[in-house]
Amino acid sequence: MTAGAGNASAGGAPVKLWDDSGHQHDMFSTRLLGFWLYMLSDSLVFAALFAAYGVLSYPMSAAGGPTKMQVVEPVYAYVESVVFFASVLAYGLAMVDLKHDRPRALTLWMIAAFVLGAGFVGMEANELLGLAARGAGPQRSGFLSAFFTILVVHGVHAVFGLLWMLVMMVQVAAKGLTPKVTYRLVNLKVFWLYQGVIWCLVYSFVYLWGAI
C-alpha cells in the first residue's frame, strides 16, 4: 500500500479499503448525534444522583427527621406523571405535523405541550415548597438533600425544555420550517422524551420504592 492511498493490492488487483474522495456531510445527522452525546453525559449525572439517593434513603440518613415513607406521595406523583406524559405525547403529535409540513398544527400541539409541562413543573414546585414549609427541607438531613436534589435537577431540566419550546414557537412563526429550525425541533423532541424517561425512573425509584 502506498502512503495516502486508500487501496491495497490483493493478487495484483487493487482493493478499495475506504472512500478517500470528497463528499458532503449530513449536518442534520451530525448535529443530532452530537446532541445524543450530550444526553449520554446527562445520563451519567442522573445515574450519580440515583446512586446517592439509594445510599441516603435508609432511616439512618434521615437524622431523626422524616423518612422516605413520610415524605413521598405516590398518588400525587402519579397525577404529576399523567400531566407530564400528556405533555410528552402532545409534543410527539407536534412532530407528526412537522413531518407533514403543517406549522400551524405543530404550533398548537407545542402550546399544549408547554401548558401541560408548565402544570407539571408547578405541581413539582408545590410539593417541594410544601415539604420545606413543614420543616422537611433539604438541609434537614442527607436523605432530604438527595430527595430534593433529584427532583430539583429534573425540574430545572423541565424548565429549560419549556423555555426551549417558547423559543422554537417564535422561530417557527418567524422563519417557518427551515432546515435549522427543523433540526432544533427534533433535538427538542429527544430532550423532552428523555425527561419523560427520567421521570419514569424518578417515579419508580423515589416514589414507589419510598412507599414500600
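A quick note: this is a predicted structure, and the numbers were derived from the prediction, not measured.

Engineer: Whenever I open this one, the packing of helix α4 (residues 103–133) against helix α5 (residues 142–175) confuses me. Can you help?
Structural biologist: To characterise two packed helices, one gives the angle between the axes of the helices and the distance between these axes. Between α4 and α5, the least distance of the axes is 9 Å, while the angle of their chain directions is 155°. Between α4 and α5, the crossing angle belongs to the class labelled roughly antiparallel. In the crossing of α4 with α5, the sense of the turn from one axis to the other is left-handed. Residue composition of the contact of α4 with α5, grouped by class: 24 nonpolar, four polar and two charged.

Engineer: I'm lost on the confidence of the model for the protein chain in this one. Help?
Structural biologist: Any region with low pLDDT has predicted coordinates that should not be read closely. Averaged over all residues, the pLDDT of the protein chain equals 87, while 87% of them reach at least 70. Here residues 1–10 is a poorly scored stretch, pLDDT under 50, and it has 17 contacts once near neighbours within four places are set aside; other chains count.

Engineer: Is there a simple way to think about the nonpolar core in this case?
Structural biologist: Nonpolar side chains tend to gather and get buried jointly when the protein is soluble and globular. Met110, Phe147, Leu185 and Tyr207 are the most contacted members of the largest nonpolar core, which totals 54 residues. Sorting the residues of this core by element identifies α1 (27–56), α3 (74–99), α4, α5 and α6 (179–211) as the ones contributing at least two each. Those residues within four positions of Met110 in sequence are excluded, and the remaining contacts are Tyr91, Ala94, Met165, Met168, Met169, Leu185 and Leu188.

Engineer: Could you clarify how one ought to interpret the packing of aromatic side chains in this entry?
Structural biologist: By convention here, two paired aromatic rings are described through the distance between centres and the angle between planes. Using the criterion set out here, one finds 19 aromatic pairs in the structure. Judged by centre distance (6.1 Å) and plane angle (75°), the ring pair of Phe147 and Phe148 falls under edge-to-face. Aromatic pair Phe205 and Trp209: ring centres 5.1 Å apart, planes at 20°, arrangement stacked. Of the two residues, Phe205 and Trp209 are both situated in helix α6; the distance of four residues between them amounts to about one turn of the helix. For Phe205, a relative accessible area of 28% corresponds to the partly exposed category. For the cation-ring pair, Lys68 lies above Trp209, with the distance from its terminal atom to the ring centre recorded as 3.6 Å.

Engineer: Where do I start with unusual backbone geometry in this structure?
Structural biologist: Most peptide bonds are trans, and most residues other than glycine sit at a negative phi. The backbone phi angle of Asp101 is positive, close to 55°, even though this residue is not glycine. Among the structural elements, Asp101 can be located in the loop between α3 and α4. Judged by its relative accessible area of 55%, Asp101 is exposed.

Engineer: Which parts of the structure should I look at to understand α5?
Structural biologist: Every α-helix winds through 3.6 residues per turn, so residues three or four apart in the chain are directed the same way. The terminal C-alpha atoms of α5, which comprises 34 residues, lie 49 Å apart, in line with the 50 Å expected from a rise of 1.5 Å per residue. After α5 finishes, the residue Gly176 shows a positive phi value of roughly 80°.

Engineer: I tried to follow α3 on my own but got confused; where do I start?
Structural biologist: Over its 26 residues, α3 runs 37 Å from end to end, which matches the ideal 38 Å to within 8%, given 1.5 Å per residue. Backbone geometry just downstream of α3 places Asp101 in the positive-phi region, at approximately 55°.

Engineer: Please clarify how a nonpolar patch on the surface should be interpreted in this entry.
Structural biologist: Taken together, the side chains of Leu33, Trp36, Leu37 and Leu40 define a hydrophobic patch exposed on the protein surface, amounting to about 440 Å² of accessible area. Here Leu37 shows up in helix α1.

About the cut-offs
- Residues numbered from 1 in each chain as written.
- Predicted model: local features only at pLDDT ≥ 70, side-chain atom pairs only at ≥ 80, totals over all residues.
- Heavy atoms only, no water.
- Axes fitted to C-alpha atoms, helices over the stretch in contact; angles between N-to-C directions.
- Helix = DSSP H or I, 4+ residues; strand = E, 2+ residues; numbered from the N terminus.
- Parallel < 35°, antiparallel > 145°, perpendicular 65-115°, else oblique.
- Left-handed = near helix turned anticlockwise from the far one by under 90°.
- Nonpolar A, V, L, I, M, F, W, Y, C, P; charged D, E, K, R; others polar.
- pLDDT = per-residue confidence, 0-100.
- Contact = heavy atoms within 4.5 Å.
- Core = buried A, V, L, I, M, F, W, Y, C linked by side-chain atoms within 4.5 Å.
- Buried < 20%, exposed > 50% of the residue type's maximum accessible area, 1.4 Å probe, protein only.
- Phe/Tyr/Trp six-rings, centres within 6.5 Å; stacked < 30°, edge-to-face > 60°.
- Lys NZ or Arg CZ within 6 Å of the ring centre and 35° of its normal.
- Expected span 1.5 Å × (residues − 1).
- Patch = residues over 30% accessible without salt bridge, like charges linked within 9 Å, V, L, I, M, F, W, Y side chains within 5 Å.
- Areas by Shrake-Rupley, 256 points an atom, 1.4 Å probe, with all protein chains shown as cover.
- Salt bridge = Lys/Arg side-chain N within 4 Å of Asp/Glu carboxyl O.

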